[in-house]
Amino acid sequence: MSETLVCCVCGDGVDESNSADCNFCQEPYHLRLRNDSDDKDCGEVWISSEHQALEFGCFGCLGVEDSEESPAEPSVGGGH
């Protein structure tokens, strides 16, 4: 029996095809994995200049209040 995963930001269901796990809270969140997808985003992914690896963050941990009204690229800087 598979576990039902829920987005930590919006509370809707997620699966491996439309989500990632936040590096900060380790919870799943919606993330469009393809640019041509109409799925929603409840977080961001970026390349860490320190670790030279992808980092994943949900809007909750990044301090973005409402993903529907947030800018396309929230400010993610040296503090992360």
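Please read all numbers here as calculations on a predicted model, not as lab measurements.

Calculation rules
- Residue numbers here run from 1 along each chain, matching the order of that chain's written sequence.
- Side-chain atom pairs in this predicted model are given and counted only at pLDDT of 80 or more, local residue features only at pLDDT of at least 70, and totals for whole chains, interfaces and linings cover all residues.
- As a rule here, side-chain values come from all non-hydrogen atoms in the structure, and water together with hydrogens is ignored.
- Confidence scores labelled pLDDT are given residue by residue by the predictor and lie between 0 and 100.
- The contact criterion used throughout is that any non-hydrogen atoms of two residues lie within 4.5 Å.
- Each helix corresponds to a stretch of at least 4 residues labelled H or I by DSSP, and each strand to a stretch of at least 2 residues labelled E; elements are numbered beginning at the N terminus.
- Any pair of N or O atoms that falls within 3.5 Å is considered a polar contact. Within protein, one atom must be able to donate a hydrogen and the other to accept it, and sequence-neighbouring residues count only if both atoms are side-chain atoms.

A few words now on the confidence of the model for the chain. Of the residues in the chain, 79% reach a pLDDT of 70 or more, and the chain-wide mean stands at 84. Every residue in residues 69-74 scores below 50 in pLDDT, and together they form seven contacts with partners more than four places removed in sequence or on other chains.

This part covers the side chain of S19. Its location among the elements puts S19 in strand β3 (residues 19-21). Here D15 takes part through its backbone oxygen, which lies 2.6 Å from a polar atom of the side chain of S19. Those residues in contact with S19, other than ones at most four positions away along the chain, are V14, Y29, H30, L31 and L33.

Tracing the backbone shows C10 in the loop between β1 (5-6) and β2 (13-14). Separated by 50 residues in sequence, C10 and G60 have C-alpha atoms that sit 9.8 Å apart. Here C10 is in contact with H30, K40 and C42, once residues within four sequence places are set aside.

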